[in-house]
Structures are given as structure tokens and as C-alpha cells.
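Remarks on the overall topology
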There are 2 protein chains.
Amino acid sequence: MSWEKNVRKVEPYVAGEQPKDPEIIKLNTNECPYPPSSAVRVAAIQLADHYDRLRLYPDMDATTLVNALSEYYHVDPAKIFVGVGSDDVLAMSFLTFFCGGGSVLFPDITYSFYDVWAELYRIPYVQVPLDEKFELRPQDYISGAGGALDEVVKKTGTEPGGIIFPNPNAPTGVAQPLEQIEEIIKSNPDCVVIVDEAYVDFGAPSALPLIDKYENLLVVQTFSKSRAMAGLRIGCAFGSEKLIGYLKDAKFSFNSYTMNLPAIMLGTAAAKDASYFRDIVSKVVSTREWFKKELTRLGFEFPDSQANFVFARHPQMPGAELFAKLRDKKICVRYFNKPRINDYLRITIGTDAQMRAVVKALEEILG
Amino acid sequence: MSWEKNVRKVEPYVAGEQPKDPEIIKLNTNECPYPPSSAVRVAAIQLADHYDRLRLYPDMDATTLVNALSEYYHVDPAKIFVGVGSDDVLAMSFLTFFCGGGSVLFPDITYSFYDVWAELYRIPYVQVPLDEKFELRPQDYISGAGGALDEVVKKTGTEPGGIIFPNPNAPTGVAQPLEQIEEIIKSNPDCVVIVDEAYVDFGAPSALPLIDKYENLLVVQTFSKSRAMAGLRIGCAFGSEKLIGYLKDAKFSFNSYTMNLPAIMLGTAAAKDASYFRDIVSKVVSTREWFKKELTRLGFEFPDSQANFVFARHPQMPGAELFAKLRDKKICVRYFNKPRINDYLRITIGTDAQMRAVVKALEEILG
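Residues numbered from 1 in each chain as written. Chains lettered and ligands numbered in written order. Predicted model: local features only at pLDDT ≥ 70, side-chain atom pairs only at ≥ 80, totals over all residues.

1. Topic: the overall build of chain A
Condition: Labels follow the DSSP assignment, with helices taken as runs of H or I lasting at least four residues and strands as runs of E lasting at least two, numbered in each case from the N terminus. For every residue, the other C-beta atoms within 10 Å of its own C-beta are counted; 20 or more classify it as buried, 12 or fewer as exposed, and values in between as partly exposed. C-beta atoms are placed from the backbone. Note on contacts: residues are paired as contacts if their backbone-placed C-beta atoms lie within 7 Å.
Across its full length, chain A holds 11 helices and 12 strands. In terms of overall dimensions, chain A has a C-alpha envelope of 60 × 60 × 55 Å along the principal axes. Looking at the 367 residues of chain A, the share that counts as buried comes to 54%. Sequence separation of at least 24 residues holds for 71% of the intrachain contacts in chain A that already meet a minimum separation of 6.

2. What about the packing of helix H2 (residues 63–73) of chain A against helix H8 (residues 261–272) of chain A?
All names here are of chain A. Heads up, the condition is: Axis geometry follows a simple rule: fit a line to the C-alpha atoms, using only the stretch in contact for helices, then measure angles between N-to-C directions, giving values from 0 to 180 degrees. Any angle from 65 to 115 degrees is called roughly perpendicular, while one under 35 is roughly parallel, one over 145 is roughly antiparallel, and all others are oblique. Charged residues are taken to be Asp, Glu, Lys and Arg, nonpolar residues to be Ala, Val, Leu, Ile, Met, Phe, Trp, Tyr, Cys and Pro, and polar residues to be all remaining types, Gly included.
H8 packs onto H2 with a crossing angle of 10° between their chain directions and a minimal axis gap of 8 Å. With respect to H8, the element H2 is oriented roughly parallel. Residues Thr-64, Leu-65, Ala-68, Leu-69 and Tyr-72 of H2 pack against Ile-264, Gly-267, Thr-268, Ala-271 and Lys-272 of H8. Tallied by class, residues from the contact of H2 with H8 come to 6 nonpolar, 3 polar and 1 charged.

3. Concerning the relation of the copies chain B and chain A
Related by rotation about an axis and a shift along that axis, the two copies of the chain form a pair. Rules: Copy-to-copy alignment: least squares on C-alpha atoms, limited to residues at pLDDT 70 or above in both.
Overlaying chain B with chain A gives an RMSD of 0.0 Å, the required rotation being 180° about an axis along which the chain moves by 0.0 Å. Put plainly, the chains are arranged around a two-fold axis. Take the interface residues of chain B: 100% of them recur as interface residues in chain A, which is what a same-surface contact looks like.

4. With respect to helix H9 (residues 274–297) of chain B
Residues and elements named next belong to chain B. Condition: Expected span of a helix: the number of residues minus one, times 1.5 Å.
Here H9 spans 35 Å end to end across 24 residues, near enough to the 34 Å set by a 1.5 Å rise per residue. Where H9 is buried, its residues touch strand E9 (309–312) and helix H11 (352–366). Residue Gly-299 follows H9 closely and has a positive phi angle near 90°.

5. A few points about the interface of chain B and chain A
Counting from both sides, the interface comprises 77 residues of chain B and, opposite them, 77 residues of chain A. For the side of chain B that touches chain A, the elements supplying multiple residues, two or more each, are helix H1 (38–49), helix H3 (85–97), helix H4 (114–120), helix H7 (241–254) and helix H8 (261–272) of chain B. With 7 residues, the top contributor of residues to the side of chain B that touches chain A is H3(B). Its residues assigned to classes, the side of chain B that touches chain A shows 45 nonpolar, 17 polar and 15 charged.

6. A look at the domain arrangement of chain A
Residues and elements named next belong to chain A. For the record, the criterion: Domain delimitation in this document rests on an assignment produced automatically or drawn from a domain database.
We note that the domain assignment places domain 1 (16–35 + 275–366) and domain 2 (38–272) within chain A. Listed per partner, the contact involves 23 residues of domain 1 and 20 residues of domain 2. Those elements that place two or more of their residues in the side of domain 1 that touches domain 2 are helix H9 (274–297) and strand E9 (309–312). The element that contributes the greatest number of residues to the side of domain 1 that touches domain 2 is H9, accounting for 5 residues. Of the residues that constitute the side of domain 1 that touches domain 2, the class distribution is 15 nonpolar, 4 polar and 4 charged.

7. Comments concerning the environment of A:Ile24
Of note, A:Ile24 is situated in the segment before strand E1 (25–26). For the pair formed by A:Ile24 and A:Asp328, sequence separation is 304 residues and the distance between their alpha carbons is 9.9 Å.

This is the structure we're talking about:
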């Protein structure tokens, strides 16, 4: 049947395994090892008490959720956007902000959805190599600095159409200094710069304070990691009122109601419980610092991570082998069979007990 | 700042008013007047009991929800797709199925998002006029029948890139006979035909049984109307395994996890309660039939509706005036200031008591 000629055929994304065996220690998708705030449980009971409200469309502005974020971050609600996970926010941002025809720049080693969205929307893009320490070179994103951006302009004859990078970067965990990030934003007033801060709460400096200074900056965050709510699908973005306005216009023209009532109710409860949030983040950070010392003791090499994972390799064992041997011991981590990083494992930080089990397993594997 | 030159600027969609005054009778967005199944309340309590599961990513295949739909409709799970409301399913379908470059055909009076999605994705489209009774003329969608499709082929030199229409149509409520729909699907093996069945449960014949016969047919439905769950955002699509496979590939490459845990849990509970579902649908239908008689008695003209709304005009009063006068009496209906339909009101079917109040208000307004 020739209807297939009209079909967009894409390489499906392969997500990290979601193992069904409850004995498996799951450290492969950067989830939080702790439950969400107990305020979320209370909100779920309220949802049950008012389940009749589900018959109505939800509040398309997700007002209570936006207001809770506004209070916590001291940001005007008009500068906040929410979506179905940061993937939704980012995909909508590609569609909205990167459509001028110029190439979009992002690192060669980075979140694996960027190139997929660019291809889906037919946006030209350039993957800029990180340096040998997996650090981003600011000069690659600054005009006249003799880096990748200059080459792109020379080669394509057009100015760049946008810039995006995570801070800290994934899957490396490397954080860039805020001054370098500001330099990149300041040097690119002609395109939108997106800083993807999915992991920022675990120790990197946030670019959030810069949104009042630079109209072209979008900061994207998520409830999936530091707020322990991957199952609720909430992402958010912060930017100038004008920038957020464009994003809302595009989103509402596409699908008016995406945040369902449970996401709004439970998400609001989570956003309001700041002390629990700080508590679990600090537990993850202290476990990570302990785990880094253990990895060093075992001979691992890794860039210094400011995220809720560590990206490490061992000089004595290929990444694929280490991955398989850990899996045999019912420990599930993430392995990327890609150039430059195919000897590395991305290991999510779990509870102290889980990470002790990982260290024990690594000791056994490495003899 | 010239970053704005790279921004996609769209005309934001204006959704039906969501009035805050609880005294208002809200009949403007085709919501169900009855609460969801009480099984949904039980599922919300289970969510509260297991709120710790929210820390994990949800099942990207929404298996329990898909299986519940599979059981109810006797359709293989591989032929079912679920998304964040039927808007999400439809937008994803435009992106996946209508990208061959040929024009997509849909009625001139129809769901107001079709042209918006086509423009967003830069898909050429043709709006085919309904006849004077707001009925779709099958010959307009069949090659060699001397209708709109032939004209499009002649004018553009390309075959059509896709066909979409709701059945029953919105905002008219008019249902097409299934034989006509089958004729359209059968005559267009070279493109995907989408039948948008958002309102089908209220009396129109579903094209669902045809998915085993035609590989190019996609049937889209929603939980927002007949299952009283607009607040949960669940839409679903049925089609050949191949068609659904393409849709899943596109969706997973775009955003792996869109159905959050509450949507999966509460949606599954709703989908399993078939008897309650049939019960509320039959209540809405019997109220609608009573309301039609009352409208006729009051001198209204309207196409025969098979949906949970009636699309009516009164020869003695312009639509805009009638709309405003009902609003003054705290009754909120939908008015579209568009050619051909600007004298009509779309009135959602509420409870018997609500519809009696509408009839009383109309009697007062019309003297």
C-alpha cells in the first residue's frame, strides 16, 4: 500500500531498561532513590475526594503549579512555562525558537534527544566537540573567538539559529562556570540560548538569575530528578515574559490542555515542600561524594560530576564488559555505545545501601 | 533584540471560557455533566497509597490502559496508541502521516485545530465545503468522482497527502453513514484517512471495525467526553499494526514518557467500568433527544446531532445576541464568529435540570 510514502519514518528512541524484577538495583535512568514529598500523598487523597472534578478540562495555565514555582524561585508567573516533562518543554522550545533557518549548536556528547528533535523539525544543527576533559569550550559558542561558531558562519553563510546545552551536561555530569554561560548568552543576542538544567539542583550554578538580564535566555528544569517525580511528568521553563509568551502561544495552538489535573494538584504540593526537596537533594549529593571517593579507590576515572550520577570508566575493563557484569549481579546502569564514550558507564546515585552494593559488586568484578 | 527573527509566531488558539463563578451553567466545552466512574476514585486512593512509585518513570507503553481498551473493544494491543488527550494523538498523527507533500483534505466547518496543526507543520491543506445541510459529500474525497479531490489533484498536480474528518462532525453534530466513510477509505489507499471519533459514543456508527480491513485507516477517540475525564487528558487511536507502529516510533522519538502514572492508573480504572460508561452515555443521549424536541418547539433550526451537543440557530435572533443574552442569565454556551456558522450556538448537553434551565431561559429571551 502506498500510503506509506506519506509517512514520516523515524529511528525510534531506545530508553533505558525498565526492569520488572524487584530485586534489581535500578541505577540507569537517573531517578531519585527517595519518594516524593509526603504532601504529594495528601494531594492524591484530595484528588480522590474531588474525583468528580476530572470531568472538567484542567486549568490550561496550571495556575497553582506556576504560582508555587513563582513563590519558590521568586520569579514572576508570566516568566514561567510548564509542560509534560522537560522533554515536552524542550521539544516545544525547538519548534518555537529554532526555526529561523540557521544551524543550532549543541555539544557532541550531550542529551540524546537534541539531534532527534532537530531532525524531526528539519532544523539544521552542528554538534560541537567537547574538549578532552568533556568540558564545553565557551569560544565555540562566541562569535569572533575562532571556534566552532565562526566555522559554522563561514561554512553556511548564515548566523546560528540557536544554542542549547545542559548544565551540568549529561551524561558527563560536568558543570560549566556561570560566567562562561553568561558570556555565551551575552554574545548571542540574535538567537535564543537554552540552558537545560535537568540536573542543576545537585550542585551546578543555575542561570535562572540571568533571565532578567537577557531576553534571549531560556532556562529549563524538571521535577523528574531532584523532586522525585519522574512518574508525574512535569517540566518547567523560565525566561523573559516575551520569550515565555511565544512559547505559550505555540503550545496553546498545538494542544491547549496538556497538564492533567493530577499533575497540577500533586505537582503543586511537591513544589511547595521546599524543605523536603532540599533534604533529598542534600542526601543524594552526600552519597555521590562518598561514591566518588570509592570509585577513585577502585581505580576508576571520571569527570567531576555535579549531577545525580557519575560517568566513569575503568582503565582495566571495557565499558560494555563492566556493564554486562554488573547486570549479571542485578545492578542496572546505563551504557552508551557511542564514539568517545563507549568505555564509560553512567551510574545513577541511589541510596547509601544501594551504592555500597555497587561498590561491593565492582570490587568483586575487578578482583 | 533580533533573536525574535528565529521565533515561530503563531496565532494563539482561544479555548472556550472556563468560568470561575460556580453558579454558571457551563455548556460550552462539551464536557460530561456526570462524574467519572467511582472506580476512578478508588484508583486515586491507590495512587495515594503508592505515591512512592511517582519517583520512577511511568510505563512508556501505558500497558494496563492499552490492555483495558483492548479488552473492551476486542482490538489487539498492537493496534492501539494512547496520548495526552486526542489533541496530542491528532497532532502527532498530522506529523507522522501527513508529511508526503500532498495537500490534506478536511471539511470547511470542522474541528478548529486541523488547520492550526497543518500550518504549524507546514503541511498544505484544502478545506472542502460541506453541503448546505452541513453534510460531507463523499464524492469530494473520492478520486474520479468530480468533486473537490479531483480539483485539488488538477490544481496542484499531486495526489492528496491525507484526509481527516470527525464523525460525528464538530461543531455540527452531523454523523455520516458508515458506508460513505468506508467508500472514502477504500478509494484512498495512497494516503492515511483519519476518522476523528471524539463524539462517536453518543450515537454515530464507529469505523473501528474497519481497521482490520484497511491498513490506511486511523480511528481516534477520547476519554474527555463520553468517559467524563477531560481533566485526565487521555486520547487513543486504533489502526493497523503497521500504522500504529509508525505513530509510536514518531512519538517515542519526540517524547518517550507522556502518559503520567495517574493518567495510566485512573484511565485504566475508567476504561474497565463499561457499565457505568454505557449508563452515562445513555443518560446524555436521552437528555439530548428531549432537548431537541424543546428546541423545535421554540422554533430553533438545527442539523440532527449524534453528539453530546446541539448546534442550533433561531430565525428570529442573531447567534451573537442569543449567546450574550444566555450569558447574562449565567448560561455559558459556545459561539463561533465564523462564516456560514455565525448564527449558530453550540450547546453542550448537561443534566436534565441544566437543560430545563436552558429551555426556560430561551423561552424568556425569545418572549
